[in-house]
Amino acid sequence: FDPQVVLTDLDLGPGPDGTDLIEFLASNHPNIARVILSAHDSQSLSEIRGSVVPANTLYLSKLKIPSMIYVEMAIASCLDEHAPGVS
């Protein structure tokens, strides 16, 4: 299993949350593109809990997504930024 991108929500129920997953990926698998898709309007909720969304992580608010094409384009852009040889 060798994913190119991980798409997660912030709220994953009891236990570790989406920012925990994203922080783990940023530290241990920096070449995997990271996308958070959340109902929260901004990533400030994670900062209140003491978690910080790592740099180079795409944050999409479900409330501001006009269509799935927007999500597809955003993920493609995130993948382009994480392509080998791109910094």
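Above this text is the structure in question.
Computed from a predicted model, the values in this text were never measured in an experiment. Sequence order as written defines the numbering, with residues in each chain counted from 1. Selection of residues for local features in this predicted model requires a pLDDT of at least 70, selection of side-chain atom pairs for listing and counting requires 80 or more, and totals for whole chains, interfaces and linings are taken over all residues. Side-chain numbers here rest on the full set of heavy atoms in the structure, without hydrogens or water.

Chemist: Describe the nonpolar core, listing the residues and the values that go with them.
Modeler: As a rule of thumb, nonpolar side chains are buried together in soluble globular proteins. Listed in full, the eight residues of the largest apolar core are Ala 33, Val 35, Leu 37, Leu 60, Val 71, Ala 74, Ile 75 and Cys 78. Secondary structure elements follow DSSP: runs of H or I no shorter than four residues count as helices, runs of E no shorter than two count as strands, and numbering proceeds from the N terminus. Taken together, the elements giving at least two residues each to this core come down to β2 (33-38) and α3 (68-81). Ranked by the residues each element gives to this core, the list is headed by α3, at four residues. Contacts of Leu 37, omitting those with residues within four sequence positions, involve Leu 7, Thr 8, Asp 9, Leu 10, Leu 60, Lys 62 and Ile 65. Working definition of a nonpolar core: buried Ala, Val, Leu, Ile, Met, Phe, Trp, Tyr and Cys residues. They are joined through side-chain atoms within 4.5 Å. Under the scheme applied here, a residue whose accessible area is under 20% of the maximum for its type counts as buried, over 50% as exposed, and between as partly exposed, the area being computed with a 1.4 Å probe on protein chains only. By the convention used here, residues are in contact when the closest approach between their heavy atoms is within 4.5 Å.

Chemist: Account for the side chain of Arg 34, with residues named and values stated.
Modeler: Considering the arrangement of structural elements, one finds Arg 34 in strand β2. At 8.6 Å, Glu 81 is the nearest oppositely charged side chain to Arg 34, a buried residue that forms no salt bridge. Between N or O atoms, a polar contact is any pair within 3.5 Å; within protein, one atom must be a potential hydrogen donor and the other a potential acceptor, and residues adjacent in sequence are included only when both atoms are from side chains. Among the polar contacts listed, one links the side chain of Arg 34 to the backbone oxygen of Asn 56, at a separation of 3.4 Å. There is a polar contact of 3.1 Å between the side chain of Arg 34 and the side chain of Thr 57. Excluding anything up to four places from it in sequence, Arg 34 contacts Val 6, Ile 22, Leu 25, Ala 26, Ala 55, Asn 56, Thr 57, Leu 58, Cys 78 and His 82. Here the positive residues are Lys and Arg and the negative ones are Asp and Glu; neither His nor the chain ends is included. Should a side-chain nitrogen of Lys or Arg be within 4 Å of a carboxyl oxygen of Asp or Glu, the pair is scored as a salt bridge.

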